[in-house]
Amino acid sequence: MTAVSLMDWRDSKHWSETPKPCVLCDTPTHLRSERGKPVHKVCAEDWNDTRTTPDQTAAKRRRN
Ligand SMILES: [Zn+2]
């Protein structure tokens, strides 16, 4: 069972007119992360979830 924490990206700071390749999946997106990186909301949520869970998952990801 995977519980993914949902983020609230309704704010305009999370939207750009210019699509750029998502830093996580490389598919162009209008969305921007909290830090202004082009990233899909779902990708960010997935990443965020991975990052906040202890080692096993995060370590697995890093070896990619
Ligand atoms: Zn993506």
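What counts, and where the lines are drawn
Residues numbered from 1 in each chain as written. Predicted model: local features only at pLDDT ≥ 70, side-chain atom pairs only at ≥ 80, totals over all residues. Buried ≥ 20, exposed ≤ 12 C-beta atoms within 10 Å, placed from the backbone. Helix = DSSP H or I, 4+ residues; strand = E, 2+ residues; numbered from the N terminus. Pairing = 2+ DSSP bridges. Contact = placed C-beta atoms within 7 Å.

**Quick notes on the pairing of strand β1 (residues 15–21)**
With zero of its seven residues buried, β1 lies for the most part at the surface. Pairing analysis gives three bridges linking β1 to strand β2 (residues 28–31), with the strands arranged antiparallel. Bridge assignment links Lys 20 to a residue of β2, and that residue is Thr 29. In this antiparallel pair of consecutive strands, β1 and β2, the connection spans six residues, and Asp 26 shows a positive phi of 75°.

**As for the environment of Val 39**
Within the secondary structure, Val 39 is located in the loop between β2 and α1 (41–52). Counting along the chain gives 11 residues from Val 39 to Pro 28, while the straight-line C-alpha distance between them is 8.3 Å. Every residue in contact with Val 39, bar those within four places of it in the chain, is listed here: Cys 22, Val 23, Leu 24, Thr 29, Leu 31, Ser 33 and Ala 44.

**Overview of the environment of Val 42**
Assignment of secondary structure puts Val 42 in helix α1. Residue classification places Val 42 among the partly exposed residues on the basis of 16 C-beta atoms within 10 Å. Separated by 35 residues in sequence, Val 42 and Met 7 have C-alpha atoms that sit 8.8 Å apart.

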